Amino acid sequence: MRRYFLKALIVTSLFLMISTTFHTALVAGKKKKKSEKIHALIVDGQSQNHPNWKEWTPVILKQLHDSALFTIDVATSPLKGESLDKFNPKFHNYDVVILLYDGDNWSERTMNNFVRYVEEGGGLIIIHAADNAFPYWKEYNMMIGLGGWGDRNETAGPYLYLDEKNELVRDIAPGPGGQHGERHAFAIDGRALEHPIMKDIPKKWLHAEDELYGMLRGPAQNLEVLATAYSSKEKGGSGRHEPILFTINYGRGRIFHTVLGHDSKALSCVGFTTTLIRGCQWVAEKEVDFPVPADFPGQDSTSVRTY
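About the cut-offs
Residues numbered from 1 in each chain as written. Predicted model: local features only at pLDDT ≥ 70, side-chain atom pairs only at ≥ 80, totals over all residues. Heavy atoms only, no water. Helix = DSSP H or I, 4+ residues; strand = E, 2+ residues; numbered from the N terminus. Buried < 20%, exposed > 50% of the residue type's maximum accessible area, 1.4 Å probe, protein only. Contact = heavy atoms within 4.5 Å. Areas by Shrake-Rupley, 256 points an atom, 1.4 Å probe, with all protein chains shown as cover. Salt bridge = Lys/Arg side-chain N within 4 Å of Asp/Glu carboxyl O. Core = buried A, V, L, I, M, F, W, Y, C linked by side-chain atoms within 4.5 Å. Axes fitted to C-alpha atoms, helices over the stretch in contact; angles between N-to-C directions. Parallel < 35°, antiparallel > 145°, perpendicular 65-115°, else oblique. Left-handed = near helix turned anticlockwise from the far one by under 90°. pLDDT = per-residue confidence, 0-100. Phe/Tyr/Trp six-rings, centres within 6.5 Å; stacked < 30°, edge-to-face > 60°. Lys NZ or Arg CZ within 6 Å of the ring centre and 35° of its normal. Pairing = 2+ DSSP bridges. Right-handed = clockwise from strand over helix to strand, strands pointing away.

As a further point, take the overall build of the protein chain. When you go through the protein chain residue by residue, the secondary structure sums to six helices and 11 strands. Scored against the burial criterion, the 307 residues of the protein chain give a buried share of 51%. At a minimum sequence separation of 6, the contacts of the protein chain that also span at least 24 residues come to 70%. As presented, the protein chain carries roughly 15000 Å² of accessible surface, and 54% of it is formed by carbon and sulfur atoms.

Structure follows, in structure tokens:
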């Protein structure tokens, strides 16, 4: 009986030691993962219809640097019309790829590497004119969910908007893809307030002067609308609530798509900065813990920082 008791005591002690060691390693692993910085790659170098594209990257770099959450590299393509054969960023070295590119088609090798990166779990951020890019690249259109211009029309997929009942409409009627009126400040309406990117962000806030993209079309599969904005006809818009912030899942990868950011002023809106950084955390599958800053825009007031 005594021998049985001693044997049971030894087994129990070993089990407790293994459990404690495993728990300690698990906690340490979690702490390590949380403390690791996000490795981000900004891709720029061309824009078909935004001559001010060179002012985008410095603003994004400063925002990410100031957050102290990132290590950042930049891959700048050759200029429009130059050979892109040697342009082949090492996407797989990064947690997040931030696309500020709207230019000539990449090489087939680079396109394949990019698709594989996202399919296998890479994070992707699409900003403003990047959804004008690559209109005939099927996989890219699946990744961005919705896009505009570049000969996009009903063949690209449905036009998404919210109707008067705040219900999402997938309009398959013939028509162009991509439209915006004059630049102006406009209200952003949160639609998925419990999503990690949107949690604790005010339901309505005023974005700085920008282009309000509308009539975007695309496959729109595995897409969740996080926020919309009313595109006023008085400002040359569609007269509908247009998707402004949304997420897409492609393979094992996550995508955060923001249509905001025409120029440095629009990019410098505190609302843009906050959702961008939170979007990067989410697509990188990190804890979304970037706080809503005290100078976040109000319902009737914009908030722009100087970069």
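Before going further, it helps to spend a moment on the pattern of salt bridges. As a working rule, side chains carrying opposite charge can pair if their charged atoms are close by. Counted according to the given criterion, the structure contains eight salt bridges. Across the pair Lys62 and Asp66 runs a salt bridge, and its minimum N-O distance is 2.8 Å. On the criterion of helical spacing, the pair formed by Lys62 and Asp66 is a turn pair, its members being four residues apart in helix α2 (residues 56-67). Judged by its relative accessible area of 44%, Asp66 falls in the partly exposed class.

Formed by 80 residues in total, the largest nonpolar core has its most connected members in Leu99, Trp106, Phe114 and Tyr140. For this core, the element with the most residues is helix α6 (residues 270-283), which contributes seven residues. Excluding its chain neighbours within four sequence positions, the residues that come into contact with Leu99 are Val43, Trp106, Phe114, Leu124, Ile125, Ile126, Ile127, Ala130 and Tyr140.

For the rest of this paragraph, the subject is the packing of α2 against α6. In contact at an axis separation of 11 Å, α2 and α6 are set at 65 degrees when each is read in the N-to-C sense. By the criterion of interaxial angle, the relationship of α2 to α6 is roughly perpendicular. Between α2 and α6 lies a crossing whose hand is right-handed. Where α2 abuts α6, its residues Ile60, Gln63, Leu64 and Ser67 lie against Phe272, Thr273, Leu276 and Ile277.

With that out of the way, let us pick up the confidence of the model for the protein chain. The pLDDT averaged across the protein chain works out to 91; a share of 89% of its residues lies at or above 70. Throughout residues 1-33 the model reports pLDDT below 50, and contacts reaching past four residues in sequence, or to other chains, amount to two contacts.

Enumeration over the complete set of coordinates arrives at 16 aromatic pairs. With centroids separated by 6.0 Å and ring planes inclined at 70 degrees, the aromatic side chains of Trp106 and Trp137 adopt a geometry described as edge-to-face. One end of the pair, Trp106, is in the loop between β3 (96-99) and α3 (108-119); the other, Trp137, is in the loop between β4 (123-127) and α4 (138-144), with 31 residues separating them in the sequence. Take Trp106 and Trp137: they sit in the same class, and that class is buried. Within the aromatic cluster, the residues linked to one another by ring pairs are Phe87, Phe91, Tyr101, Trp106, Phe114, Tyr117, Phe134, Trp137 and Tyr140. The ring of Trp282 carries Arg254 above its face, with NZ or CZ at 4.4 Å from the centroid.

In this section: the pairing of strand β1 (residues 38-44). Of all seven residues making up β1, six are buried, and the element is well covered by its neighbours. Two elements, β1 and strand β2 (residues 70-76), share seven bridges in a ladder whose sense is parallel. Within β2, the residue paired with Ala40 across the bridge is Ile72. In this view, the connection linking β1 to its parallel neighbour β2 by way of α2 has right-handed handedness. With four bridges connecting them, β1 and β3 associate as parallel partners. Counted as the bridge partner of Ile42 is Ile98 from β3.

Turning our attention to the side chain of Ser67. Mapped onto the elements of the fold, Ser67 is located in helix α2. The class of Ser67 is buried, set by a relative accessible area of 15%. If near-sequence neighbours (up to four positions away) are discounted, Ser67 is found in contact with Ile277 and Phe290.

Attention now goes to the pairing of strand β7 (residues 184-190). Of all seven residues making up β7, five are buried, and the element is well covered by its neighbours. Bridge count between β7 and strand β8 (residues 204-210): five bridges; the pairing is antiparallel. Bridged to Asp189 within β8 is Lys204. Bridge count for β7 against strand β9 (residues 223-231) is two bridges, and the pairing is antiparallel. Pairing of Asp189 across the sheet is with Thr228, part of β9.

As a rule of thumb, non-glycine residues mostly have phi less than zero, and peptide bonds are mostly trans rather than cis. The phi angle at Ala68 is positive, at roughly 65 degrees, despite the residue not being glycine. With respect to the secondary-structure elements, Ala68 resides in the loop between α2 and β2. One non-glycine residue with positive phi stands out, namely Asn222, at about 55 degrees.

Tracing the sequence through the fold places Leu276 in helix α6. By relative accessible area, which is 0% here, Leu276 ends up buried. Once residues within four sequence positions are removed from consideration, Leu276 is found in contact with Ile60, Gln63, Leu64, Ile125, Ile127 and Phe256.

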